[in-house]
Amino acid sequence: MKLRFAPSPTGYLHVGNARVAVANWLLARRHGGRFVLRFDDTDTERSKPEYAAGIEEDLRWLGLDWDESFRQSDRLDRYELAAEKLKKSGHLYPCLESEEELRFKRDQRQKQGRPPVYDRAALKMTAEQLQRALDNGKKPYWRFKLATRTVEWQDGVLGRRQVKLPPISDPVLIRADGSFLYTFTSVVDDLETGVTDIVRGEDHVTNTGVQIDILEALGGRPQGRPGAIRFAHLPLLTDADGGPLSKRLNSMGLRQLRRDGIEPVALVGYLAALGSSQDPVAAPPAALAPGFALANMSRSTARFDPTQLLALNRRHLHGLDFATVRDRLPEGADETFWLAIRGNLDLLGEARDWWEVARGEIAPAPQPEEAEFLGAALETLPPEPWNEESWSAWTRALGAATGRKGKALFLPLRRALTGAEHGPELKLFLPVIGRERAVARLRAARGGA
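In what follows, the accompanying structure is described.

What counts and how
Residues numbered from 1 in each chain as written. Predicted model: local features only at pLDDT ≥ 70, side-chain atom pairs only at ≥ 80, totals over all residues. Heavy atoms only, no water. Buried < 20%, exposed > 50% of the residue type's maximum accessible area, 1.4 Å probe, protein only. Helix = DSSP H or I, 4+ residues; strand = E, 2+ residues; numbered from the N terminus. Pairing = 2+ DSSP bridges. Axes fitted to C-alpha atoms, helices over the stretch in contact; angles between N-to-C directions. Contact = heavy atoms within 4.5 Å.

**What to know about the pairing of strand 5 (residues 141-144)**
And then number 1: Of the two faces of strand 5, the one carrying Y141 and R143 and the one carrying W142 and F144 are both buried.
And then number 2: Relative to strand 5, strand 4 (residues 92-95) runs antiparallel, the two being bridged by four bridges. Counted as the bridge partner of C95 is Y141 from strand 5.
And then number 3: Bridge analysis of strand 5 against strand 8 (residues 172-174) gives two bridges, and the strand direction is antiparallel. Looking across to strand 8, one finds that R143 is bridged to V172.

Structure below.
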């Protein structure tokens, strides 16, 4: 089994194409196959080395590796040979119409109530007419002559699928400047590198029908025969409201999610389960592979909900031990601090904020209306050393002295000690703050007295 992920290095990864990468990797690893990273970089104007490097970095961050990697720009000679084969077999034919001429033809067909399909007028050119045009400096582009049939295949997710080719214009595979289009190069690569399974988004279904026709013209095994390439199309992603995710891809880029503090295991676990019948689990890819199957995928669109991703990230953080995160915590942070604050984190970066609350200089808001109560709090504050029982002992004594309980007892203390109304459990957090800071903050909140 051999699968590939084929991004165009014209930008960085977003959750849409990262999901495709995850699905291909998991399938390859589950079945003991190979995973290929191929850069579709024939768009020389928009492709940039920094994007390719960024894609590799993002894949490694997700925990994905690859067995082979290559760039289409290194295989131009292979595309030339494949093109010559199609020209000799009559599948590739030269065209000379300008974009304006083609637009006029489309408009005329639409006015006549006919589909705006290319009329194959170029096929009527004689060899003499073509040569005359070439002698006059015209450069042809090349179209692939689609068969007059319906292409069918058994899709790994969507079930039986078919694409009728007659209503589709013959695709341009080679531009007038000699450069190749993705529709062609992708097929040549899949055939020559031995790809067995192609898993991609549902927006490629029509393209798959066209590419199967090209594939078979190049000698690929026909669909339904042993050894034919298998196809599977993942339903498209929408945003949390059911709208097109494409409008929000900038905010859903992997680089932005990394900056926001999303853990890679949370993201890969969420993407692996997205659109399936399984609940997401935050885990490294190798742990997810044994349970991943296209059969679990729904045929309906899947919603990418950042709040669900954040909830998974939160659950993951809450279960991490200190040794796992030690190197990513602020300098000086120990296990006591981590155990106190991990249950309050959505993102690991928030640990730095709580470290500042615990050990930094904060200025709690004055509570003049609580001056008497905070004075009693200072008087009943137990001596160090402190442990998890210190908070309970202190609040019992303070409650007995003031007659307070519940919110009236706890909230003024939390405001004074942390400057916030919500936060870590104070029986764990109070020892991290320490008595000296606690005294200073209680006095400041009391009004300095």
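**Regarding the sheet that holds strand 3 (residues 68-71)**
And then number 1: Pairing is parallel in the open sheet, where three strands are placed in the order 1-2-3. Each end of this open sheet is capped by a strand with a single partner; those strands are strand 1 (2-5) and strand 3. Neighbouring strand axes in the sheet, compared pairwise and without regard to direction, differ in orientation by 25° on average.
And then number 2: Of the strand pairs in this sheet, strand 2 (residues 34-39) and strand 3 are connected by four bridges, and their pairing is parallel. Looking at strand 3, one finds that V36 is bridged to E68.
And then number 3: Strands in contact with helix 6 (residues 182-192) are strand 1, strand 2 and strand 3; relative to strand 2, the strand with the most contacts, it is inclined by about 150°.

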